[in-house]
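Topology and contacts: notes
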Amino acid sequence: MLETVGGKLEITDNGMSGEATLSLPNVTSIGGSVTVSNNNLLTSLSGLAQLTTVGSTFHVFENAALTSFASLNALRSVVDLSIYSNAELVDAGFSGGNLSISDDLFLRSNPQLVSGLESVTSVAGDLDILNDGAGAVGGIQLGFGQLGRIGGYLRLRSSSITAWTGMDVLKSIGGDL
């Protein structure tokens, strides 16, 4: 049974019919990058539930039916995390432990996103939120309850954030606010 991928994992441009699922239930580590993009019928990333480490970038974009990353609670370390243009994404799903991002976190154009960042403990680079929120619940409610440090800038642009909870543990922002 597959537990480690030394290189990259790409799940892209799948125009399958019917609901699509991803099943790599024993993979704990990916040494390279992970790209999940343009999968119109993929509804979750539950097939990566044991993933703890991504050695490079983790990009999730333009997945029309993706609603949640709730199964990624085991993820503890990623270099760069970008989540953008996922029209139905409600829950980023990073709420099960301590997630350290050793470069940037970008959230862009996820109009239904309302939660799921509670386990992010540090972002060594920039935290950039653009055009997120404003879904059916009236706006994004980001719970960065464990975020203690942002090494670069914190930028909120055209965002509909109605509540930013847990920021009392944030000790420093290395760049602009």
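Residues numbered from 1 in each chain as written. Predicted model: local features only at pLDDT ≥ 70, side-chain atom pairs only at ≥ 80, totals over all residues. Heavy atoms only, no water.

On to the overall build of the protein chain, then. The secondary structure content of the protein chain amounts to zero helices and 15 strands. Among the 177 residues that make up the protein chain, the fraction classed as buried is 44%. Carbon and sulfur atoms make up 48% of the accessible area of the protein chain, which amounts to about 7,400 Å² in all. (Helix = DSSP H or I, 4+ residues; strand = E, 2+ residues; numbered from the N terminus. Buried < 20%, exposed > 50% of the residue type's maximum accessible area, 1.4 Å probe, protein only. Areas by Shrake-Rupley, 256 points an atom, 1.4 Å probe, with all protein chains shown as cover.)

Turning next to the nonpolar core. Counting 39 residues, the largest nonpolar core has Leu-45, Phe-58, Phe-69 and Phe-94 as its most contacted members. Elements that contribute at least two residues to this core include exactly strand E2 (9-12), strand E4 (34-37), strand E5 (53-61), strand E6 (77-84), strand E7 (99-101), strand E8 (105-108), strand E9 (120-123) and strand E10 (127-130). (Core = buried A, V, L, I, M, F, W, Y, C linked by side-chain atoms within 4.5 Å.)

On to unusual backbone geometry, then. The backbone phi angle of Glu-62 is positive, close to 55°, even though this residue is not glycine. One non-glycine residue, Ser-109, lies in the positive phi region at around 55°.

Bringing the environment of Arg-149 into the picture now. Its location among the elements puts Arg-149 in strand E12 (residues 149-150). Taking the C-alpha atoms as reference points, Arg-149 and Ser-122, separated by 27 residues in sequence, lie 5.0 Å from one another. Here Arg-149 is in contact with Thr-121, Ser-122, Val-123, Ala-124, Leu-170 and Ser-172, once residues within four sequence places are set aside. (Contact = heavy atoms within 4.5 Å.)

What follows deals with the side chain of Ser-119. With respect to the helices and strands, the residue Ser-119 is situated in the loop between E8 and E9. Beyond its immediate stretch of four places on either side in the chain, Ser-119 contacts Phe-94, Ser-95, Gly-96, Gly-97, Asn-98, Leu-99 and Gln-146.

Another aspect to go through is the pattern of salt bridges. Any two side chains of opposite charge can pair if their charged atoms end up close together. Applying the stated criterion across every chain, the model contains three salt bridges. The shortest N-O distance in the salt bridge between Glu-10 and Lys-8 comes to 3.3 Å. A salt bridge links Arg-108 to Asp-128; the nearest nitrogen and oxygen atoms lie 3.4 Å apart. Taken together, the residues span a long stretch of sequence, with Arg-108 in strand E8 and Asp-128 in strand E10 at a distance of 20 residues. Connected via shared salt-bridge partners are Arg-108, Asp-128 and Arg-155. (Salt bridge = Lys/Arg side-chain N within 4 Å of Asp/Glu carboxyl O.)

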